[in-house]
Every structure is written in C-alpha cells, then in structure tokens.
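Each chain is listed here by its residues.
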Amino acid sequence: MGLENCVKDLRQEHRLTQEELARLVGVSRQTIISIENGRYNPSLMLAYKIARVFSRRIEEVFLCERELERGEKDG
C-alpha cells in the first residue's frame with residue numbers, strides 16, 4: 001500500500017493533467033495514476049520532484065507521519 005498523499009488535489013489546483021505532471025517529473029502517466037491512487041510509493045527523488053513542482057515540502061505532499069506512527073505501533 002502506498003503513502004497517503006495529496007498529489008491529485010495539488011495537481012488539480014495547479015490545473016495540470018496527469019500527463020503534464022508526468023512529463024515535468026520524468027515518469028509515465030501510469031506512475032502518476034498509481035501514486036494518486038496510493039498504489040505506488042515514489043522514490044525519494046521522485047517525491048522531491050513532485051513536491052518541487054508544487055513549491056511544497058515532501059512532507060506536505062506525502063503524508064508520511066501516519067505511516068511512521070503505524071510502524072511504531074506495529075513494531
């Protein structure tokens with residue numbers, strides 16, 4: 001399961017298509033779809049590139065805190 005994120009909301013706010021965002025960060029449209037649907041965890045570099053497109057920090061785009069909290073409870 002992928003990280004929770006707000007990529008779709010930010011992309012729509014910036015009036016970008018999935019194809020346009022994919023081109024800006026150097027991946028396929030399918031990758032963007034998978035990230036938006038939470039089925040794919042991007043690499044750190046890809047997460048950075050996506051956040052940079054929206055002028056945000058990675059942790060503002062990818063909601064890592066919840067994942068870390070779950071890990072602490074499990075471990």
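Above this note sits the structure.
Residues numbered from 1 in each chain as written. Predicted model: local features only at pLDDT ≥ 70, side-chain atom pairs only at ≥ 80, totals over all residues. Heavy atoms only, no water.

Chemist: Is there a simple way to think about the overall build of the chain in this case?
Modeler: Secondary structure assignment for the chain yields six helices and zero strands. Helices and strands appear in the chain in the N-to-C order α-α-α-α-α-α. Among the 75 residues that make up the chain, the fraction classed as buried is 35%. Of the contacts formed within the chain by residues at least 6 apart in sequence, a portion of 57% connects residues at least 24 apart. About 5300 Å² of surface is accessible on the chain, with carbon and sulfur atoms providing 47% of the total. (Helix = DSSP H or I, 4+ residues; strand = E, 2+ residues; numbered from the N terminus. Buried < 20%, exposed > 50% of the residue type's maximum accessible area, 1.4 Å probe, protein only. Contact = heavy atoms within 4.5 Å. Areas by Shrake-Rupley, 256 points an atom, 1.4 Å probe, with all protein chains shown as cover.)

Chemist: Help me understand the side chain of Ser 34, please; the structure alone is not making it clear to me.
Modeler: Here Ser 34 is to be found in helix α3 (residues 29-36). Exposure remark for Ser 34: the relative accessible area of 17% places this residue in the buried category. Ser 34 has contacts with Arg 39 and Tyr 40, leaving out every residue within four places of it along the chain.

Chemist: Please explain the nonpolar core as it appears in this structure.
Modeler: Across soluble globular proteins, nonpolar side chains have a tendency to be buried as a group. In this structure, Val 7, Ile 50, Val 61 and Phe 62 are the most contacted members of the largest nonpolar core, which totals 16 residues. Breaking this core down by element, the ones donating at least two residues are α1 (7-13), α2 (18-25), α3 and α4 (44-53). Residue contacts for Val 61: discarding those within four places in its chain leaves Glu 4, Asn 5, Cys 6, Val 7, Leu 10, Ile 50, Ala 51 and Arg 56. (Core = buried A, V, L, I, M, F, W, Y, C linked by side-chain atoms within 4.5 Å.)

Chemist: Looking at this structure, how should I read the packing of α2 against α4?
Modeler: Helix packing geometry: the angle between the two helix axes and the distance between the axes. It is at 9 Å that the axes of α2 and α4 come closest, and there the two elements cross at 120°. When the interaxial angle is binned, α2 and α4 end up oblique. For the crossing formed where α2 meets α4, the hand is right-handed. In this structure, α2 uses Leu 21, Leu 24 and Val 25 to contact α4, whose residues at the interface are Leu 46, Lys 49, Ile 50 and Val 53. Residues that form the contact of α2 with α4 fall into these classes: six nonpolar, no polar and one charged. (Axes fitted to C-alpha atoms, helices over the stretch in contact; angles between N-to-C directions. Parallel < 35°, antiparallel > 145°, perpendicular 65-115°, else oblique. Left-handed = near helix turned anticlockwise from the far one by under 90°. Nonpolar A, V, L, I, M, F, W, Y, C, P; charged D, E, K, R; others polar.)

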